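Observations on the model geometry
Each chain, written out:
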Amino acid sequence: MAGPDIVGRHFDAMGTVWVIDAASRLGFDLHDPFSAWPEGATYSAIDSWLLMPISMVAGSLDPARLHGWVAVLGLASSGYAAAAFARQVGAAPPFHHLAGLIFAGSGLAAASLLEGHVYQIVNPWMPLMAVHLWRCSQPEGRPADGALAGVFFGLALFSSGYLGVSAGIVGLGLAGPSLLRRRGVTPLLVAGAVAALFGLAYLFLFSAAGQPGATHATTETLRMGSLSLNSMGPATAELDRTGHSWSLAFSAMTLALAVIAVAVRHRRAGVLMGISIVSILVAMGPHWTLGFAPDEAFVSSPLGFLWDIPSVRFLRFPGRVLWAALLCLSALAAVGVSVLARRLGLKWGYVAAAMIAVEILFSVRLPLRQQVKVGDAPSVYASAQGPVFDLTG
């Protein structure tokens, strides 16, 4: 994973490495003097604004190596943060670490790695936002917790718009009930104000860069990128070949353990399950289908009206909003294992955790699905004087 070759599977991995390499000359106006030489070109889209400063700071590293390290550190930090949230929710140690395994070892994380979107797994921000929002509603909650929650929301948003939408669903789901009960009002209002500042800054960059029009999200694209019966199962060679490795390996065991936490009426478990349900409904997109073929029969989603809003059609892969559900369900699953261990004995808690680990290994099937691509440029390029017109694409 840590270089010097590019680890991934699909063509976007090369594009991400190119952005890492070009970040120092692109700047935040996204103008590259080396593209369309000699006039240069101004790019109109960037998936991750946070990847730009990371690439600039680590500019001395080989871009393919940095791509690998972003994946390694992103997965590790995301898993650790998800475990911290589970501990805050009430999972007993050491079973809170199971939440980190479920979150970082999910099929959604695997799809990001295989597609080359490593910035989408740099996601400790959403769990850390949830940790501080959870504290905001407690008697000891402070405005500082609200400020940190807002900052972590902003980092999630600037890592990826999909992570920002997911964090928004989690944030509204956690803050809404507390505000209705008038718990932690001041810290939560501070969180909302800080998050709003980051949101406005993101919208400014988003509009200034001239992002592609909403018509780019065709019905076919939305179906391919939505959660369906075709994509929620374990990984298959056919999905890796034709479906952008879009196999999310949604865990039945995780859901079953989460239901245990709800059944025993664990504190605020119903709120977390409600957030998960909303996230799943959004991830299923405007049409509910068995697969993603254009002629597939479908049922309109009750949330389908959202995609009639032009700005919402930028969510071309609604399934990526599943991050919100994964965070909440992983925390609830860790609580569920803690309940089993407390009532049946530690042995059964470890058995349940081992079964989850085995399920992840055989359904997600990483690293077996990854491929290594040569990260070096052909040596003939070094012998050319001036610009190179590449005919091989």
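Below, the structure is looked at part by part. (Residues numbered from 1 in each chain as written. Predicted model: local features only at pLDDT ≥ 70, side-chain atom pairs only at ≥ 80, totals over all residues. Heavy atoms only, no water.)

**Some remarks on helix H14 (residues 323–344)**
Filter applied, for reference: Only DSSP runs of H or I reaching four residues or more are called helices, and only runs of E reaching two or more are called strands; each is numbered from the N terminus. To estimate how far a helix should reach, multiply one less than its number of residues by 1.5 Å. Throughout this description, buried means an accessible area under 20% of the type-specific maximum (1.4 Å probe, protein chains only), exposed means over 50%, and partly exposed covers the range between.
Counted at 1.5 Å a residue, the expected span for H14 with its 22 residues is 32 Å, and the 31 Å between its end C-alpha atoms agrees. H14 sits mainly inside the fold: 18 of its 22 residues count as buried. Gly345 sits one or two positions beyond H14 and adopts a positive phi of about 115°.

**A closer look at helix H8 (residues 161–180)**
Three- or four-residue spacings in an α-helix give side chains the same orientation, since the helix completes a turn every 3.6 residues. Taking 1.5 Å of rise per residue, 20 residues should cover 28 Å, and H8 covers 28 Å from first to last C-alpha, within 8% of that figure. Directly beyond the C-terminal end of H8, a positive phi value near 60° is found at Arg182.

**Remarks on a nonpolar patch on the surface**
In plain terms, the rule: A patch is a set of surface residues, each over 30% in relative accessible area and not in a salt bridge, joined within 9 Å for like charges and within 5 Å for the nonpolar side chains Val, Leu, Ile, Met, Phe, Trp and Tyr. Methods summary: accessible areas were calculated by the Shrake-Rupley approach with a probe of 1.4 Å, and residue burial reflects only the protein chains presented. Salt bridge, as used here: a side-chain nitrogen of Lys or Arg that lies within 4 Å of a carboxyl oxygen of Asp or Glu.
The grouping of Leu344, Trp348, Val351 and Met355 at the surface amounts to a nonpolar patch, some 390 Å² of accessible area in total. For the nonpolar patch, the element with the most residues is helix H15 (residues 346–364), which contributes three residues. Mapping Val351 onto the fold places it in helix H15. Take Val351: its relative accessible area is 33%, and that puts it in the partly exposed class.

**Observations regarding unusual backbone geometry**
Omega for the peptide link from Pro93 to Pro94 comes to 0°, which places this bond in the cis form. Its location among the elements puts Pro94 in the loop between helix H3 (63–89) and helix H4 (97–104). The linkage connecting Leu366 with the following residue, Pro367, adopts the cis geometry, with an omega of 10°. Mapped onto the fold, Pro367 is located in the loop between H15 and strand E6 (371–373). With a phi angle near 45°, Ala249 is a residue other than glycine that sits in the positive phi range. Structurally, Ala249 is set in the loop between helix H11 (237–242) and helix H12 (252–263). Here Ala249 falls in the buried class, since its relative accessible area comes to 12%.

**Quick look at the environment of Val118**
Going by this rule: Here, two residues are considered to be in contact whenever any of their heavy atoms come within 4.5 Å of each other.
Note that Val118 resides in the loop between helix H5 (107–115) and helix H6 (125–136). By relative accessible area, Val118 is classed as buried at 1%. The spatial distance from the C-alpha of Val118 to the C-alpha of Asp21 is 15 Å, given a sequence separation of 97 residues. With sequence-adjacent residues up to four places away left out, Val118 is seen in contact with Thr16, His67, Val70, Ala71, Ser112 and Leu113.

**Some words on the packing of helix H7 (residues 143–159) against H8**
Applicable threshold: The convention used is that axes are lines fitted to C-alpha atoms, helices contributing only their stretch in contact, and that angles between N-to-C directions extend from 0 to 180 degrees.
At a minimum axis distance of 5 Å, the contact between H7 and H8 shows a crossing angle of 145°. Contact residues: Phe153, Ala156, Leu157 and Ser159 in H7; Gly161, Leu163, Gly164, Ala167 and Gly168 in H8.

**With respect to the packing of aromatic side chains**
The test is simple: What counts as a ring pair is set by centres within 6.5 Å for rings of Phe, Tyr and Trp (its six-membered ring), and what kind of pair is set by the plane angle: stacked under 30 degrees, edge-to-face over 60, tilted for all other angles. Charge-over-ring contacts are defined here by two conditions on Lys NZ or Arg CZ: a distance within 6 Å of the ring centre and an angle within 35 degrees of the ring normal.
Within the structure shown, the criterion is met by six aromatic pairs. A ring pair is formed by Phe158 and Tyr202, whose centres lie 5.5 Å apart and whose planes are at 85°; its orientation type is edge-to-face. Here Phe158, found in helix H7, pairs with Tyr202, found in helix H9 (residues 185–208); they are 44 residues apart in sequence, far enough to count as distant. The pair Phe158 / Tyr202 is uniform in exposure class, with both members buried. Cluster of aromatic residues (ring-pair linked, three or more members): Phe158, Phe198 and Tyr202. The lysine or arginine in question, Arg268, covers the ring of Trp134, its NZ or CZ lying 4.5 Å from the ring centre.

**Quick notes on the state of the cysteines**
Short version of the rule: To count as a disulfide, a pair of cysteine sulfur atoms needs to be within 2.5 Å.
Across all of its chains, the model carries zero disulfides by this definition. Free of any disulfide, Cys328 has its nearest cysteine sulfur in Cys136, 16 Å distant. By relative accessible area, which is 0% here, Cys328 ends up buried.

**Focus on the pattern of salt bridges**
Summed over the entire model, instances satisfying the criterion amount to three salt bridges. Glu115 is the salt-bridge partner of Arg320, the closest N and O atoms lying 3.7 Å from each other. Here Glu115 lies in helix H5 and Arg320 lies in the loop between strand E5 (298–300) and H14, a separation of 205 residues in the sequence. In this structure, Arg320 and Glu115 share a single accessibility class: buried.

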